[in-house]
Amino acid sequence: MFGDPLASLTYAGVAVVVVLGAQLVFLLLGRLEGYSVAGEIVQNNNAAVGVRNALFLGAVVLTFQGIARTPGPALPQVALSLLAWAAVAVLLLAASRYVNDLLILYAFDNNREVVGTGNVAVAIVEGCTYLATAAIAAGASGYGEASLLTMLVWFAIGQALLVLLAQVYRRI
């Protein structure tokens, strides 16, 4: 993607840190919600938790690709900027999980469905919310050049539209 080998290595290194950090956030969310992600996937053979996790990480990668489009002139500053934008995006993805649970699939508890009963359909809907949020965050970041306020406003607009679309779908 980039002609400069140092820039390519830096972007690859930052991408690895971002994905590992996002996985840590996902594991912590699981613990806060009372379950072990690894335990559910490996020991309980819960495909729904695996789907939830995979789509969360896929959304992180999608967001990172949107943020990391063009290399800047000063590599250390670019790496720090990428990490900061990616951290905000991961937090927004985590927040979208709760928007989904409370306002889109409000008729039941997402965690009980995904973790308790292994409902893959709920995990897929949740994952689609992650992917939609990732596309919004990637675009709203302006390739890392926009303001945090811009990203937050577009996040709010995007989540509101997802909730609205879910309501329209229920009425059809």
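Residues numbered from 1 in each chain as written. Predicted model: local features only at pLDDT ≥ 70, side-chain atom pairs only at ≥ 80, totals over all residues. Heavy atoms only, no water.

A.B. asks: Can you help me understand the nonpolar core in this one?
C.D. replies: Looking at soluble globular proteins, one finds that nonpolar side chains tend to be buried together. Phe56, Val60, Leu82 and Leu93 are the most contacted members of the largest nonpolar core, which has 41 residues in total. If you list the elements that add at least two residues to this core, you get helix H1 (5-32), helix H3 (47-67), helix H4 (75-104), helix H5 (110-116), helix H6 (120-140) and helix H7 (148-171). The element best represented in this core is H4, accounting for 11 residues. When neighbours within four sequence positions are excluded, Phe56 is seen to be in contact with Ala22, Phe26, Val90, Leu93, Ala94 and Tyr130. (Core = buried A, V, L, I, M, F, W, Y, C linked by side-chain atoms within 4.5 Å. Buried < 20%, exposed > 50% of the residue type's maximum accessible area, 1.4 Å probe, protein only. Helix = DSSP H or I, 4+ residues; strand = E, 2+ residues; numbered from the N terminus. Contact = heavy atoms within 4.5 Å.)

A.B. asks: What is the right way to look at the environment of Arg52 in this model?
C.D. replies: Mapping Arg52 onto the fold places it in helix H3. We classify Arg52 as buried; its relative accessible area is 1%. Setting aside chain neighbours within four positions, we find Arg52 in contact with Phe26, Glu33, Tyr35, Arg97, Asn110, Asn111, Val114, Val115, Ala123, Glu126 and Tyr130. Side chain to side chain, Arg52 and Glu126 meet in a polar contact 2.5 Å long. (Polar contact = N/O pair within 3.5 Å; in protein donor to acceptor, adjacent residues only side chain to side chain.)

A.B. asks: Which parts of the structure should I look at to understand the confidence of the model for the chain?
C.D. replies: Detailed reading of predicted coordinates is not advised where the pLDDT is low. When pLDDT is averaged along the chain, the result is 89; 92% of the residues meet or exceed 70. The secondary structure element of the chain with the lowest average pLDDT is H4, at 88, and the one with the highest is helix H2 (residues 37-43), at 97. (pLDDT = per-residue confidence, 0-100.)

A.B. asks: Can you help me understand a nonpolar patch on the surface in this one?
C.D. replies: Together, Leu149, Val153, Trp154, Ile157, Leu161, Leu164, Val168 and Ile172 give the surface a local cluster of nonpolar side chains, amounting to about 810 Å² of exposed area. Mapped onto the elements, Leu164 comes out in helix H7. (Patch = residues over 30% accessible without salt bridge, like charges linked within 9 Å, V, L, I, M, F, W, Y side chains within 5 Å. Areas by Shrake-Rupley, 256 points an atom, 1.4 Å probe, with all protein chains shown as cover. Salt bridge = Lys/Arg side-chain N within 4 Å of Asp/Glu carboxyl O.)

A.B. asks: Would you explain the pattern of salt bridges in this entry?
C.D. replies: Note on pairing: side chains with opposite charge can pair once their charged atoms come close. Scanning the entire structure with this criterion turns up two salt bridges. Between Glu33 and Arg97 there is a salt bridge, and its shortest N-O distance comes to 2.7 Å. One end of the pair, Glu33, is in the loop between H1 and H2; the other, Arg97, is in helix H4, with 64 residues separating them in the sequence. Judged by relative accessible area, Arg97 falls into the buried class, the value being 3%. Residue Arg52 is joined to Glu126 by a salt bridge in which the shortest nitrogen-to-oxygen separation is 2.5 Å. Pair noted here: Arg52 is in helix H3 and Glu126 is in helix H6, with a separation of 74 residues, a long-range link.

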